[in-house]
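Now for the letters of each chain:
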Amino acid sequence: MHLPMRILHARSYSTAIHPLIAGPLLQGTVQSIFSRAANLQFDRRLVTLHAHLTPCAPNGITLSVEATNSLLLDLQAGMSVTIEHETLSFPAISACLSLQGSQPWNPRPVISYAADMAGLLERSLAFLLPLLMNTGQSDPSAGLAQLALLADCPASSMPPHASPLLQKAWSSSRQLIQAIGQQQITRAARAAETLIGLGPGLTPSGDDLLTGLIATTILLSEALALPGDFYRQFGSAVLALAKDKTTHLSLHWIEYATRGAVSEPLGRLLQALVVSDQPQQLEARANEVLSTGATSGGDLLAGVMLGSHCLLTQHKREGYTHGLHSQ
């Protein structure tokens, strides 16, 4: 006896996955399940289902309250799922998820122009550094948060009692920001390669750091009116290197970052970095990012700070060069 199909509804979805969900029939499986999310795999593409009021990933669908309380509890890894014309069907549990009428969300944040944007960014980094250092020092084994020290001073010494993970990443990260600062793509890619896949988990710390750095340099270089070709080339080089060196999920986040597509918390933080001098709002946005995953938040934020440092270095150099040309 077949149970009647339950019709559930999504609250919103990322426009980045619209070509996937709006097209003809695709067969897939439930790849992984967590307490507030589930990943669905269609060939080499991933779609993430998020519980109601959970921040959305760049490939995400946010569920309604009813779908959260029903669908996420019933899913099991390996279950079959299909997508066809904005409807996801789960035959094993007699349920389908309709995206019709849900709110589309753009994962590429709009960075508003502001006077003295470089100055705002510099002040934001100075404000965030103690916050991130407190995070790293409270749990020295947690990720690569303390790499943000290199944004404050690239010549900084490695913190005492650094974890083995931080020790592996420290020298490579220093070489990376120096190579980016000098716009040397081959050297930058070589340094990044040692960070890809570094650390445990579905999204290793080194990947999260690179995701934050790539997204920041691509999105904020545009806002700062800096040439962005180098950062797009760098993102493409990292993506090519990562294809055989890291997890499927992590590879997706890097790929989206190369398009300037990020999660809701990271997008809101990047906007807050250059909008205005509002420390309370900036701290709230940073804490949203820091609450992402076990160590992912600190790793992402460290990447944001390193990427911002590279942009400020370029901005000062470009300004000096322009000054010479105007004389």
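Presented here is an overview of the structure given in this document. (Residues numbered from 1 in each chain as written. Predicted model: local features only at pLDDT ≥ 70, side-chain atom pairs only at ≥ 80, totals over all residues. Heavy atoms only, no water.)

Looking at the overall build of the protein chain
The secondary structure content of the protein chain amounts to 12 helices and 9 strands. Here the C-alpha atoms of the protein chain give a radius of gyration of 21 Å, agreeing with the 20 Å that 2.2 N^0.38 yields for 327 residues. By residue count, 54% of the 327 residues in the protein chain fall in the buried class. About 14,400 Å² of surface is accessible on the protein chain, with carbon and sulfur atoms providing 55% of the total. (Helix = DSSP H or I, 4+ residues; strand = E, 2+ residues; numbered from the N terminus. Rg over C-alpha atoms; globule rule 2.2 N^0.38 Å. Buried < 20%, exposed > 50% of the residue type's maximum accessible area, 1.4 Å probe, protein only. Areas by Shrake-Rupley, 256 points an atom, 1.4 Å probe, with all protein chains shown as cover.)

Observations concerning the pattern of salt bridges
A complete count under the given rule lists 9 salt bridges for this structure. Residue E222 pairs with R108 through a salt bridge whose shortest N-O separation is 2.7 Å. Note that E222 is positioned in helix α7 (residues 205–223) and R108 in the loop between β9 (103–105) and α3 (117–138), a separation of 114 residues in sequence. With relative accessibility at 29%, the residue R108 sits in the partly exposed group. Taking the shortest distance from any N to any O, the salt bridge between D116 and R123 comes out at 3.6 Å. The class of D116 is partly exposed, set by a relative accessible area of 47%. Of the residues examined, R123 reaches a relative accessible area of 40% and is grouped as partly exposed. (Salt bridge = Lys/Arg side-chain N within 4 Å of Asp/Glu carboxyl O.)

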